[in-house]
Every structure is written in C-alpha cells, then in structure tokens.
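# Overview (structure and organization)
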Amino acid sequence: GTLQVDIDHVINSAFLFRWANYGNVSQDEEVEGVDWGSTFYLYQAVSEKKALTYSIFFVGETNAPVTFQNTGFELRYRQRVLRDWLFIEPYGSVSWPRYLPDEERESNFGVGLRLEAYFGPAPDHWMR
C-alpha cells in the first residue's frame, strides 16, 4: 500500500510551493521496509505559455543497507507549443545516489525532453 501526502501553498500569482511525500510498503522482495520519498517543488509561472519548476528530492528505504539512498536537484522548463493542449518540457538534474554501504556518492547528471498532450474534456478555444 502507498500513502501520499502533498501540501501546497500559493505564494503569489507567479509562485506555488509544494511539498510532496510518499511511503510505500510492498510485497516485492527487492523493497526492504518502507520505500519513501520527499520532494520540495517551487513552480514559477513565467507567462501564460511558459513555466519553470525547481525541485529538491530525497529518497530511501527504511530497512535497506543504506536507508537514505538518493538526493538531488532538478530544473524543468515547460512551454506550450503549436496548440494550447501540447507541451514540451526539457529538463536537467543532478543527484547523488548511494545504494550499498561501501559505495561513495558521486554526481549523476541527467537531461531529458518530455512531450505532453492533454486528452479529455477541454475548453472550446483549445480546439482550433
């Protein structure tokens, strides 16, 4: 079973803060104890079509050999493209994972590109 708790706070018309947490108890033998994570997000509306997301995350397992397994930062840029229901989202991250007691934490860099389309009921002005 999974428990997820998110706390949101509107700072002003351009910024939203979110603290997202989860805990998961699994019957999967690879998960030792409770698989948990906590992330702090700061969402920034740059314009009606553009936004930034800054995040810091922490991940672990309560009964694993290393209980605090990963931490890192991520920056996402989100923009509508071509239509109101189509988004492109490039992002970059750096984290410092450690899963075994004899491992040293080393920087792990990541980049990605996400394409997202909205499906479902939508305002008429989206359907051009």
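As the structure is a prediction and not an experimental result, all values here were calculated from the model.

### Considering the packing of aromatic side chains
The description of two aromatic rings rests on the distance between their centres and on the angle between their planes. For the coordinates displayed, the defined rule picks out six aromatic pairs. Look at Trp 19 and Phe 40: their rings are 5.6 Å apart centre to centre, the planes differ by 5 degrees, and that puts the pair in the stacked class. Placement of the pair is Trp 19 in strand β2 (residues 15-25) and Phe 40 in strand β3 (residues 34-45), with a sequence separation of 21 residues. Through pairs of rings, three or more aromatic residues link up here, namely Phe 17, Trp 19, Phe 40, Phe 58 and Phe 68. One cation-aromatic arrangement involves Arg 76 over Tyr 91; the distance from NZ or CZ to the ring centre is 4.0 Å.

### A look at a negative patch on the surface
On the surface, a cluster of negative charge is made up of Asp 102, Glu 103, Glu 104 and Glu 106. Within the secondary structure, Glu 106 sits in the loop between β6 (86-95) and β7 (108-117).

### Thoughts on the sheet that holds β6
Spatial strand order, β1-β2-β3-β4-β5-β6-β7: seven strands in an open sheet with antiparallel pairing. The outermost strands of the open sheet, each flanked by one partner alone, are β1 (2-10) and β7. If you compare each strand with its neighbour and ignore which way they point, the axes differ by 15 degrees on average. Pairing geometry for β3 and strand β4 (residues 50-61), over eleven bridges, is antiparallel. Among the inter-strand pairings, Gly 37 is bridged to a residue of β4, identified as Val 59.

### Remarks on the pairing of β2
Of the pairings in the sheet, the one linking β1 to β2 comprises nine bridges and is antiparallel in character. Bridge assignment links Asp 8 to a residue of β2, and that residue is Arg 18. Hairpin remark: β1 followed by β2, antiparallel, with four residues in the connecting loop. Alignment of β2 against β3, held across eleven bridges, turns out to be antiparallel. Bridge pairing links Ala 20 to Thr 39 in β3.

### Regarding the pattern of salt bridges
Opposite charge on two side chains permits pairing when their charged atoms draw close. Under the definition given, this model contains seven salt bridges. In this structure, Glu 74 engages Arg 76 in a salt bridge whose closest nitrogen and oxygen atoms are separated by 2.7 Å. What makes Arg 76 buried here is its relative accessible area of 17%. Between Arg 78 and Glu 116 there is a salt bridge; the shortest N-O distance is 3.0 Å. Taken as a pair, Arg 78 in strand β5 (residues 68-80) and Glu 116 in strand β7 lie far apart in primary sequence, 38 residues in all. In the salt-bridge network here, residues are joined through shared partners; they are Glu 74, Arg 76, Arg 78, Glu 89, Arg 114 and Glu 116.

### Section: the environment of Ile 88
With respect to the element layout, Ile 88 can be found in strand β6. Sequence separation of Ile 88 and Tyr 77 is eleven residues, and the distance between their C-alpha atoms is 8.2 Å. Beyond its immediate stretch of four places on either side in the chain, Ile 88 contacts Tyr 77, Arg 78, Gln 79, Val 81, Leu 113 and Arg 114.

Reading guide: rules and limits
Residues numbered from 1 in each chain as written. Predicted model: local features only at pLDDT ≥ 70, side-chain atom pairs only at ≥ 80, totals over all residues. Heavy atoms only, no water. Phe/Tyr/Trp six-rings, centres within 6.5 Å; stacked < 30°, edge-to-face > 60°. Helix = DSSP H or I, 4+ residues; strand = E, 2+ residues; numbered from the N terminus. Lys NZ or Arg CZ within 6 Å of the ring centre and 35° of its normal. Patch = residues over 30% accessible without salt bridge, like charges linked within 9 Å, V, L, I, M, F, W, Y side chains within 5 Å. Areas by Shrake-Rupley, 256 points an atom, 1.4 Å probe, with all protein chains shown as cover. Salt bridge = Lys/Arg side-chain N within 4 Å of Asp/Glu carboxyl O. Lys, Arg positive; Asp, Glu negative; His and termini not counted. Charge placed at Lys NZ, Arg CZ, Asp CG, Glu CD. Pairing = 2+ DSSP bridges. Axes fitted to C-alpha atoms, helices over the stretch in contact; angles between N-to-C directions. Buried < 20%, exposed > 50% of the residue type's maximum accessible area, 1.4 Å probe, protein only. Contact = heavy atoms within 4.5 Å.

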